[in-house]
Amino acid sequence: MVVNDCPGRAVDNHNKWSPEMKPSVLVPLLAAVLSTQTITAMAIDNGRYAIISRHSGLALDVDANSTADGANVVQWEYTGGENQQFDITNLGNGYYTIRPAHSGKSLDVWEWSTEPGGEIRQWQFTGGYNQQWAIDNAGNGYHTISSRHSGLPLDVWTWSTANGGDIRQWTSTGAVN
């Protein structure tokens, strides 16, 4: 995913970090790292970001610009809307909150699921482990986003490349979806 803190700026379609985008970074939904690789940890700066899938080139999006608890999180062509911008805050314990800018709620592992396929929704921020996320360097400017609660990374469900493709958690496979 491209994480771009400049909402008015076009998304880098090449999915590469560039100094002009600073402090932008790339965060794929699932650019998993094989357990045999060693990756140096890299802190993400607190700020507002757009998160773009490495696999599809589409942005993480709170469906239909909803502000309701339980609203689904999908991927959609980047429009710059606040429902596609996320305030990322380092909690100082190795985890982050990821909060949709338009609602102030939080990305949430729905119903505290620990199962692969568990849905990702937005919910009022409670600070629970199901709302805390590890953002780990996967090398080459990419990162994984994984739930503290389940340990599972975010995933573009069924390898979708379409607007509206669901975002879920899934067992790391090493793929970039």
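Worth saying up front: this structure is predicted, and the values here are computed from it rather than measured.

**With respect to the pairing of strand 6 (residues 86–90)**
Sheet faces and side chains relate simply in a regular strand, where the side chains alternate between the two faces.
For step 1, the next point in the chain: Note: strand 3 (residues 47–49) against strand 6, three bridges, orientation antiparallel. Residue Arg48 lies in a different strand from strand 6, and its bridge partner there is Asp87.
For step 2, the next point in the chain: Pairing analysis gives five bridges linking strand 6 to strand 7 (residues 96–100), with the strands arranged antiparallel. Residue pairing across strands places Asn90 opposite Tyr96, the latter belonging to strand 7.

**Describing the packing of aromatic side chains**
For step 1, the next point in the chain: For the structure on display, the rule yields two aromatic pairs.
For step 2, the next point in the chain: Ring centres of Trp110 and Trp123 lie 5.6 Å apart, and the angle between their planes is 65°; this geometry places the pair in the edge-to-face category. Note that Trp110 is positioned in the loop between strand 8 (106–109) and strand 9 (120–123) and Trp123 in strand 9, a separation of 13 residues in sequence.
For step 3, the next point in the chain: Its relative accessible area of 22% is what places Trp110 among the partly exposed residues.
For step 4, the next point in the chain: Assessed through its relative accessible area of 32%, Trp123 is described here as partly exposed.
For step 5, the next point in the chain: Summarising the aromatic geometry, the rings of Trp157 and Trp170 are spaced 5.4 Å apart at their centres and angled 70° between planes, so their arrangement reads as edge-to-face. One end of the pair, Trp157, is in the loop between strand 12 (154–156) and strand 13 (167–169); the other, Trp170, is in the segment after strand 13, with 13 residues separating them in the sequence.

**Comments concerning the pattern of salt bridges**
For step 1, the next point in the chain: By the definition in use, this model includes five salt bridges.
For step 2, the next point in the chain: The salt bridge involving Asp87 is made with Arg48; its shortest N-O contact spans 2.8 Å. On the criterion of sequence distance, the pair formed by Asp87 in strand 6 and Arg48 in strand 3 is long-range, its members being 39 residues apart.
For step 3, the next point in the chain: For the salt bridge of Asp69 with Lys105, the shortest nitrogen-to-oxygen distance reads 3.0 Å. One end of the pair, Asp69, is in the loop between strand 4 (59–62) and strand 5 (73–76); the other, Lys105, is in the loop between strand 7 and strand 8, and 36 residues separate them in sequence.
For step 4, the next point in the chain: For Asp69, a relative accessible area of 32% gives the class partly exposed.
For step 5, the next point in the chain: Connected through salt bridges with shared partners, the residues Arg48, Glu82 and Asp87 form a single ionic network.

About the criteria used
Residues numbered from 1 in each chain as written. Predicted model: local features only at pLDDT ≥ 70, side-chain atom pairs only at ≥ 80, totals over all residues. Heavy atoms only, no water. Pairing = 2+ DSSP bridges. Helix = DSSP H or I, 4+ residues; strand = E, 2+ residues; numbered from the N terminus. Phe/Tyr/Trp six-rings, centres within 6.5 Å; stacked < 30°, edge-to-face > 60°. Buried < 20%, exposed > 50% of the residue type's maximum accessible area, 1.4 Å probe, protein only. Salt bridge = Lys/Arg side-chain N within 4 Å of Asp/Glu carboxyl O.

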